[in-house]
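# Structural overview for review
Residues per chain are reported as follows:
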Amino acid sequence: ALTTCTLDIGGMTCASCVRRVEKALSRVHGVADAQVNLATEVATVGYDPALVTPAQLTAAVAAAGYTGTVRG
Ligand code: 9UX
């Protein structure tokens, strides 16, 4: 079953940043969908907890050049 995780994202300044973060998250195995809100700097990620952990999500965000902190 899928679950949802929200992450505070840092370092985004434009709409392209939003796409980069969404792509980075979407490419992680086990992620079903990822949406990033530039105004609130929050990423909402639907994922399979049997395949991926929130820590791996923040790692993917960091690898893309941004910061990610798990909100819940
Ligand atoms: Mo536009 Mo976002 O150059 O880093 S992609 S600011």
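Residues numbered from 1 in each chain as written. Predicted model: local features only at pLDDT ≥ 70, side-chain atom pairs only at ≥ 80, totals over all residues.

An unreviewed UniProt entry lists the protein under the name P-type Cu(+) transporter, with Pseudonocardia bannensis given as the organism.

Along an α-helix, residues three or four apart share an orientation, since each turn contains 3.6 residues. Taken together, the buried positions of helix H2 (residues 54-63) are occupied by Leu57, Thr58, Ala60 and Val61. Viewed end-on, H2 has its buried residues packed into an arc of 155°, placing them on one side of the element. Turned more than 90 degrees off the buried face of H2, the exposed positions are Ala55 and Ala63. Here the buried face of H2 lies against strand S1 (3-10), helix H1 (15-26), strand S3 (42-47) and strand S4 (67-70). Just downstream of H2, glycine 65 is the residue with a positive phi angle, here 100°. (Buried ≥ 20, exposed ≤ 12 C-beta atoms within 10 Å, placed from the backbone. Helix = DSSP H or I, 4+ residues; strand = E, 2+ residues; numbered from the N terminus. Arc of directions from axis to C-beta. Contact = placed C-beta atoms within 7 Å.)

This next bit is on the sheet that holds S4. If you walk across this open sheet you meet the 4 strands as S2-S3-S1-S4, and the pairing is antiparallel. Strands with a single pairing partner mark the edges of an open sheet, and in this sheet they are strand S2 (31-37) and S4. With direction set aside, neighbouring strand axes in the sheet form an average angle of 25°. When S1 meets S4, the two strands line up antiparallel, connected through 4 bridges. Opposite leucine 7, over in S4, you have valine 70 as the bridge partner. Running at roughly 165° to S2, H1 makes contact with S1, S2 and S3 of the sheet. (Pairing = 2+ DSSP bridges. Axes fitted to C-alpha atoms, helices over the stretch in contact; angles between N-to-C directions.)

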